[in-house]
Each structure stands twice: as structure tokens, then as C-alpha cells.
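Topology and contacts: notes
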Amino acid sequence: IMIKKRGPYDSPLQRERRRSIISNTRHLLETEGLEGVSMARIASLSNVSAKTPYNIFGSLDRLLLQTASARLDELLQEDQVRLEKPGIPRILAITQIAMEQFIDSQDFMRVVIAIVVSADAGDGGSKPNLGWVQGFTLESLLVAQQNNELRPATDIHELSRILAANQWGMALMWQQELFSLDQLVRQAHLSNLITLLPFCIGPRRDWLQALLDEQLDAQHEESTPDFSHLAQTSSSNSTHSSVVAIK
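These remarks concern the structure in this document. (Residues numbered from 1 in each chain as written. Predicted model: local features only at pLDDT ≥ 70, side-chain atom pairs only at ≥ 80, totals over all residues. Heavy atoms only, no water.)

**What about the environment of leucine 197?**
Tracing the sequence through the fold places leucine 197 in the loop between α10 (181–196) and α11 (202–223). Judged by its relative accessible area of 9%, leucine 197 is buried. Separated by 12 residues in the primary sequence, leucine 197 and glutamine 209 place their C-alpha atoms 7.0 Å from one another. If sequence neighbours within four positions are ignored, leucine 197 has contacts with Arg205, Leu208, Gln209 and Leu212. (Helix = DSSP H or I, 4+ residues; strand = E, 2+ residues; numbered from the N terminus. Buried < 20%, exposed > 50% of the residue type's maximum accessible area, 1.4 Å probe, protein only. Contact = heavy atoms within 4.5 Å.)

Encoded structure:
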């Protein structure tokens, strides 16, 4: 019988230390930003020796990357995503839950984007990278393809990369303050719909078209100026002028 040898940092105690270190790193990122994060402070908050975070993660950059990855993984486990129908609906659901995270934790999400975008692609042992969204999207598109919801010639690998690039690009523009939060939320949803629609067929295309029409109608209503108060003012002025003329 062969017994698999457990690594030095794979014991229950070390797994608990790993979770504690990531949790405290996230707490510092959420409360103080990158400036407040150091291995010494993380070790102190986690009640471990100063060497332990280095032994487990190797470097501060890799610890930050693992912390960002943990938050991204949590999004996939949200009921709003997990319980949604597999396929294209899940693509829209993960976008919705991500946008809610941007709204609720703006500073932390700025940090997450900065960490993931600046991460070294060759950094072994770090799961998160710009391909996280693309991988999830590809799995969802594969389901849509199996359900005959996509045009037969659709390259789902290329389409998943386009969708991911659109989402990361808009998030980066927001992080660099080139997009307002309202613009990010609105365009993230519109981008998914506009990109997916030409590739979908049958009831799924009709469903996406209805969602797109709804989004555009709502956007039009928000951008249409309300002149009703001017009409009331004009009517009031006209009445006043008439009274003056009678006098």
C-alpha cells in the first residue's frame, strides 16, 4: 500500500494558518489598502511567526494574489450564481454579483484589480489571473453550445476571451478612474448582451434581445431630461402676465 506523503504545509494546522493569514490580509486590504499590508503585520494578526507567511506563500506578492483569488472564488459560490441555470444565464449572474461587489466594496475591488492585473503571469502556485473570467465564461458557453443555443460555427474559445477582455477592460478603466461606477455597472451588463446576441439563436436569442431592450429603455429614461418643471414655471409666468395685463 502506497501512502501519499503530506507536504510540510498541508496539515490541518497549516491549512488553518493559511486561511487565517488570507483572512487577515483581506481585512488589512479592506480597511487600510495596500499601504497597510506587510508580512510582519499579517503574521502578528494571525498569531504566527514572522517566517510563517513566507514559508507558506513565498512572498507578499503571492500572498496578495492568493487573497484576491479567494475573493474571486467566493463569487462563484454565491447562491445567485450557483443556483442560476447553467450556461449563458450564469455569465450574466456572475456579472451581476461582481457589480454588487464593486458597489459595496469599492476600495477593496480597486485593490483586487490592481493585484491581479499587475501579477506576474509566470508566478507558479498562483491560481488567479486575467483568465479567471475567461475560464468561467468558457464553461458556460460550452453548456450553451450543448443546448444548441449558439450558432453552429461559433468559436466559444474566442468568444469567451472577448467577453472576458471586455469585462476586465471596463474594470481597469474604472480602477484608473476613466469610468464612473455607474458607467461600469451599466456597461458591464450591456457589453455582455451586445456581445452574446449575434452568436445566439432561438429562444435564448429572444431572451437576450428582451433583456437588451429593457436595459436600453431604462438607460434612455434615465438620460431623458425632465422639462415638466419648466412647463409648470412657464404656465405660472403666463398666468401672472395675464393678471398684470388685466390690472
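Let us keep going from here.
**A few points about a negative patch on the surface**
Together, Asp182, Asp213, Glu214, Asp217, Glu221 and Glu222 make up a region of like negative charge exposed at the surface. The biggest single contributor to the negative patch is α11, with five residues. For glutamate 214, the location among the structural elements is in helix α11. (Patch = residues over 30% accessible without salt bridge, like charges linked within 9 Å, V, L, I, M, F, W, Y side chains within 5 Å. Areas by Shrake-Rupley, 256 points an atom, 1.4 Å probe, with all protein chains shown as cover. Salt bridge = Lys/Arg side-chain N within 4 Å of Asp/Glu carboxyl O. Lys, Arg positive; Asp, Glu negative; His and termini not counted. Charge placed at Lys NZ, Arg CZ, Asp CG, Glu CD.)

**As for the packing of aromatic side chains**
Scanning all chains against the criterion turns up one aromatic pair. Centroid distance phenylalanine 102 to tryptophan 174: 5.1 Å. Interplanar angle 90°. Geometry classified as edge-to-face. Residue phenylalanine 102 is located in helix α6 (residues 88–104), and its partner tryptophan 174 is located in helix α9 (residues 156–175); the two are separated by 72 residues in the primary sequence. Each member of the pair, phenylalanine 102 together with tryptophan 174, is buried. Positioned above the aromatic ring of tryptophan 174, the side-chain terminus of arginine 110 is 4.0 Å from the ring centre. (Phe/Tyr/Trp six-rings, centres within 6.5 Å; stacked < 30°, edge-to-face > 60°. Lys NZ or Arg CZ within 6 Å of the ring centre and 35° of its normal.)

Nothing here speaks to function; it is geometry throughout.
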